[in-house]
Amino acid sequence: AAFALAKLAIRSNPTNIEGAIADMYARALFKAPSKRTLLALRKLYTEATDKYSKQPAFISLVNQRAAVDPIKLNFLSMGMVASAIINLDEFLTKE
């Protein structure tokens, strides 16, 4: 589910990281993220990107090769953010 959400957001905002993150949040919770929430999710995206770029084995699971592919790196990092959004209490208990 997280990667499907990430894929939708990337398609909607292919060059705008904050826009894609805000899109995922809005799709999941039916509201825009606060500035504080957007900042925290952007930080998570950056941390995920750093982690995956230093460990090409993660990317090779998606890419079938050890090279760091920026498109796959973005997809994996957005997937991490989407997973965090899906695991927020707000999402799990929304009515």
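Residues numbered from 1 in each chain as written. Predicted model: local features only at pLDDT ≥ 70, side-chain atom pairs only at ≥ 80, totals over all residues. Heavy atoms only, no water.

J.: Mind showing me how you'd approach the overall build of the protein chain here?
T.: The helix and strand tally for the protein chain stands at six helices and zero strands. Counted from the first residue to the last, the protein chain has its helices and strands arranged as α-α-α-α-α-α. Here the protein chain holds 95 residues, and 35% of them are scored as buried. Residue pairs at least 24 apart in sequence account for 55% of intrachain contacts in the protein chain once pairs closer than 6 positions are excluded. Working note: accessible area of the protein chain is about 5900 Å², and carbon and sulfur atoms make up 59% of it. (Helix = DSSP H or I, 4+ residues; strand = E, 2+ residues; numbered from the N terminus. Buried < 20%, exposed > 50% of the residue type's maximum accessible area, 1.4 Å probe, protein only. Contact = heavy atoms within 4.5 Å. Areas by Shrake-Rupley, 256 points an atom, 1.4 Å probe, with all protein chains shown as cover.)

J.: Would you mind showing me how to read the packing of helix α2 (residues 17-29) against helix α5 (residues 70-86) here?
T.: The packing of two helices is summarised by the inter-axis angle and the distance between the axes. Where α2 contacts α5, the axes come no closer than 10 Å and their chain directions differ by 35 degrees. The interaxial crossing formed by α2 with α5 has right-handed handedness. On the side of α2, the interface is formed by Ile17, Ala20, Ile21, Met24, Tyr25 and Ala28, while α5 contributes Asn74, Met78, Val81, Ala82 and Ile85. Of the residues that constitute the contact of α2 with α5, the class distribution is 10 nonpolar, one polar and no charged. (Axes fitted to C-alpha atoms, helices over the stretch in contact; angles between N-to-C directions. Left-handed = near helix turned anticlockwise from the far one by under 90°. Nonpolar A, V, L, I, M, F, W, Y, C, P; charged D, E, K, R; others polar.)

J.: Please explain the nonpolar core as it appears in this structure.
T.: What tends to happen in soluble globular proteins is that the nonpolar side chains get buried as a cluster. Ranked by size, the top nonpolar core spans 19 residues in total, and within it Ile21, Met24, Met78, Val81 and Ile85 carry the most contacts. Among the elements that take part in this core, α2 stands out by supplying seven residues, more than any other. In this view, methionine 24 contacts Leu5, Ala6, Ala9, Met78, Val81, Ala82 and Ile85; residues no more than four positions away in its chain are not counted. (Core = buried A, V, L, I, M, F, W, Y, C linked by side-chain atoms within 4.5 Å.)

J.: Would you explain the side chain of asparagine 74 in this entry?
T.: Tracing the chain through its elements places asparagine 74 in helix α5. With sequence-adjacent residues up to four places away left out, asparagine 74 is seen in contact with Ile10, Ile17 and Tyr45.

J.: Is there a simple way to think about unusual backbone geometry in this case?
T.: Excluding glycine, residues mostly carry a negative phi; peptide bonds, for their part, are mostly trans. Backbone geometry at phenylalanine 30 places phi at a positive 60 degrees, although glycine is not the residue there. Within the fold, phenylalanine 30 resides in the loop between α2 and α3 (35-54). For phenylalanine 30, a relative accessible area of 67% gives the class exposed.

J.: It is not clear to me how the side chain of serine 77 should be interpreted in this structure. Could you clarify?
T.: For serine 77, the position within the fold is in helix α5. Under the relative-accessibility criterion, serine 77 is labelled buried at 0%. In this structure the side chain of serine 77 is engaged in a polar contact, spanning 2.9 Å, whose partner is the side chain of threonine 49. With residues up to four places along the chain from it excluded, the contact list for serine 77 reads Tyr45, Ala48, Thr49 and Tyr52. (Polar contact = N/O pair within 3.5 Å; in protein donor to acceptor, adjacent residues only side chain to side chain.)

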